[in-house]
Amino acid sequence: SFDNFVMAGVEAYGGMVFAGEDEALSWKCLDAAKEDYQFAIERFEKIGMEEPYTKEHTASASLSQYYAAACWAAAVLYQASGEEIYAQYAANYADKVLLCQEIDREELPIHGFFYRDESRKTIVHFSHQSRDHIFVQALCEACIALKNYPRRAEWEAGMKRYGQYLVDLMEY
């Protein structure tokens, strides 16, 4: 389902890019995006994460990354289609992403990074996956798509925390 979330977002972008230039291709991209997103949601809700945690360095995405991919794709789909269901998915998953972020535990010298899930026990790391951007990309796209959503300021704060985390890392 992770790859289907990602592809749904890419296809939705394609639908927006081709709008006004090639309406048939625009429609097909958006149609494929909706189909991939629906498949991803159904599979994710039924199965959850596809691979065991032990494959971290090969292909395993964390639960928080699934949330981010689902959020990002839904936000793009909402922009492309205007269908409220995607706004609801984007908001729901943006909130779940924030539940996986380190906010303010005093015993930690650094904050703003993301954990694998809401338990906040294992930090996400990206030795080989190069998916560092996915959390902020999702929150940013949700903010763009849902300009008047009540929790938008919290999503923006999450992005700022992550930005400060990157600044703080420079010390190490």
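Description of the structure in this document. This is a predicted model, so every value here is computed, not measured. (Residues numbered from 1 in each chain as written. Predicted model: local features only at pLDDT ≥ 70, side-chain atom pairs only at ≥ 80, totals over all residues. Heavy atoms only, no water.)

Attention shifts here to the pattern of salt bridges. What the rule picks out here adds up to 7 salt bridges. The salt bridge partner of R105 is E102, with a shortest N-O separation of 3.1 Å. The structure contains a network of salt bridges with shared partners spanning D95, R151 and E154. (Salt bridge = Lys/Arg side-chain N within 4 Å of Asp/Glu carboxyl O.)

This next bit is on the environment of A145. Mapped onto the elements of the fold, A145 is located in helix α5 (residues 134–145). Since its relative accessible area comes to 14%, A145 is described here as buried. Taking the C-alpha atoms as reference, A145 lies 15 Å from V10; in sequence the two are 135 residues apart. If sequence neighbours within four positions are ignored, A145 has contacts with A75, Y78 and Q79. (Helix = DSSP H or I, 4+ residues; strand = E, 2+ residues; numbered from the N terminus. Buried < 20%, exposed > 50% of the residue type's maximum accessible area, 1.4 Å probe, protein only. Contact = heavy atoms within 4.5 Å.)

Glancing now at the packing of helix α3 (residues 63–81) against α5. Relative to each other, α3 and α5 sit at 30°, their axes nearing to 8 Å. Classified by the angle between their axes, α3 and α5 sit roughly parallel to one another. Judged by the twist between their axes, the crossing of α3 over α5 is left-handed. The segment α3 lies against α5, with S64, Q65, A68, A69, C71, W72, A75, V76, Y78 and Q79 engaging I134, F135, Q137, A138, E141, A142, I144 and A145. Residues belonging to the contact of α3 with α5 are distributed by class as follows: 13 nonpolar, 4 polar and 1 charged. (Axes fitted to C-alpha atoms, helices over the stretch in contact; angles between N-to-C directions. Parallel < 35°, antiparallel > 145°, perpendicular 65-115°, else oblique. Left-handed = near helix turned anticlockwise from the far one by under 90°. Nonpolar A, V, L, I, M, F, W, Y, C, P; charged D, E, K, R; others polar.)

Packing of helix α1 (residues 2–18) against helix α2 (residues 23–47) brings their axes to within 7 Å, and their N-to-C directions diverge by 160°. When the axes of α1 and α2 are compared, the pair comes out roughly antiparallel. Every pair of crossing elements has a handedness; the one defined by α1 and α2 is left-handed. Counted by class, the contact of α1 with α2 contains 15 nonpolar, 4 polar and 3 charged residues.

The next thing to look at is a nonpolar patch on the surface. Residues V17, F18 and L25 make up a contiguous nonpolar surface patch of about 230 Å² in total accessible area. Within the element layout of this structure, F18 appears in helix α1. (Patch = residues over 30% accessible without salt bridge, like charges linked within 9 Å, V, L, I, M, F, W, Y side chains within 5 Å. Areas by Shrake-Rupley, 256 points an atom, 1.4 Å probe, with all protein chains shown as cover.)

On to the side chain of S1. In this structure, S1 sits in the segment before α1. Its relative accessible area of 7% is what places S1 among the buried residues. With residues near it in sequence (within four places) discarded, S1 still touches A40, R43, F44, G48, E50 and Y66.

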